[in-house]
Amino acid sequence: MPIPPEIESLIDRLNLELEEIEGQAMEALNLIRPILSSFPDNVILTQLFASLNNFLLFVEISKRRINITVNRLSSNDVTTAEILEAGEDLGAELGRALEAKISVIRIIARLQELR
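Keep in mind that what you see is a predicted model, and the values were worked out from it rather than measured.

Calculation rules
Residues numbered from 1 in each chain as written. Predicted model: local features only at pLDDT ≥ 70, side-chain atom pairs only at ≥ 80, totals over all residues. Heavy atoms only, no water. Helix = DSSP H or I, 4+ residues; strand = E, 2+ residues; numbered from the N terminus. Polar contact = N/O pair within 3.5 Å; in protein donor to acceptor, adjacent residues only side chain to side chain. Contact = heavy atoms within 4.5 Å. Salt bridge = Lys/Arg side-chain N within 4 Å of Asp/Glu carboxyl O. Buried < 20%, exposed > 50% of the residue type's maximum accessible area, 1.4 Å probe, protein only.

### With respect to the side chain of E93
Line of reasoning, step 1. Along the polypeptide, E93 turns up in helix α3 (residues 80-114).
Line of reasoning, step 2. Reaching out from E93, the side chain makes a polar contact with the side chain of R65 at a distance of 3.2 Å.
Line of reasoning, step 3. Beyond its immediate sequence surroundings of up to four residues, E93 is in contact with L14, F58, S62 and R65.

### Some thoughts on the pattern of salt bridges
Line of reasoning, step 1. The tally for this structure, following the rule as stated, stands at six salt bridges.
Line of reasoning, step 2. Its salt-bridge partner being R13, residue E17 comes within 3.0 Å of it at the nearest N-O pair. On the criterion of helical spacing, the pair formed by E17 and R13 is a turn pair, its members being four residues apart in helix α1 (residues 5-38).
Line of reasoning, step 3. You can call E17 buried: its relative accessible area is 5%.
Line of reasoning, step 4. Among the residues examined, R13 registers a relative accessible area of 38% and is labelled partly exposed.
Line of reasoning, step 5. Ionic pairing is found between E20 and K101, a salt bridge with its closest N-O pair at 2.5 Å. A residue pair is termed long-range when its members are at least 10 positions apart, and E20 in helix α1 and K101 in helix α3 qualify at 81 residues.
Line of reasoning, step 6. The exposure class of K101 is buried, given its relative accessible area of 16%.
Line of reasoning, step 7. Bridged by salt links that share partners, the residues R13, E17, E20 and K101 form one connected network.

Structural data, given as structure tokens:
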């Protein structure tokens, strides 16, 4: 059974958001590394560095979850209930991704103030 268009759209949006989070987190890590090397004992910088790495881990885990969901929905014996559950799971994952994106944007803003 093909994946319903609504689910495909949700997957595409989620993948786009994850790519943006990954790119922004990498940008922020590039901003924080030189600052952190100048102030290695700064607890706030260390926390921001750890948070950015956690966001990258979140991206990896989310991508794996999406792949598992796509594989599950691609089977021939998928039920309507499984499709609905997958849609809810993907929607919740999108919500978490948007929260992560906002957090990364805030970290970038804080780091740019330090420059």
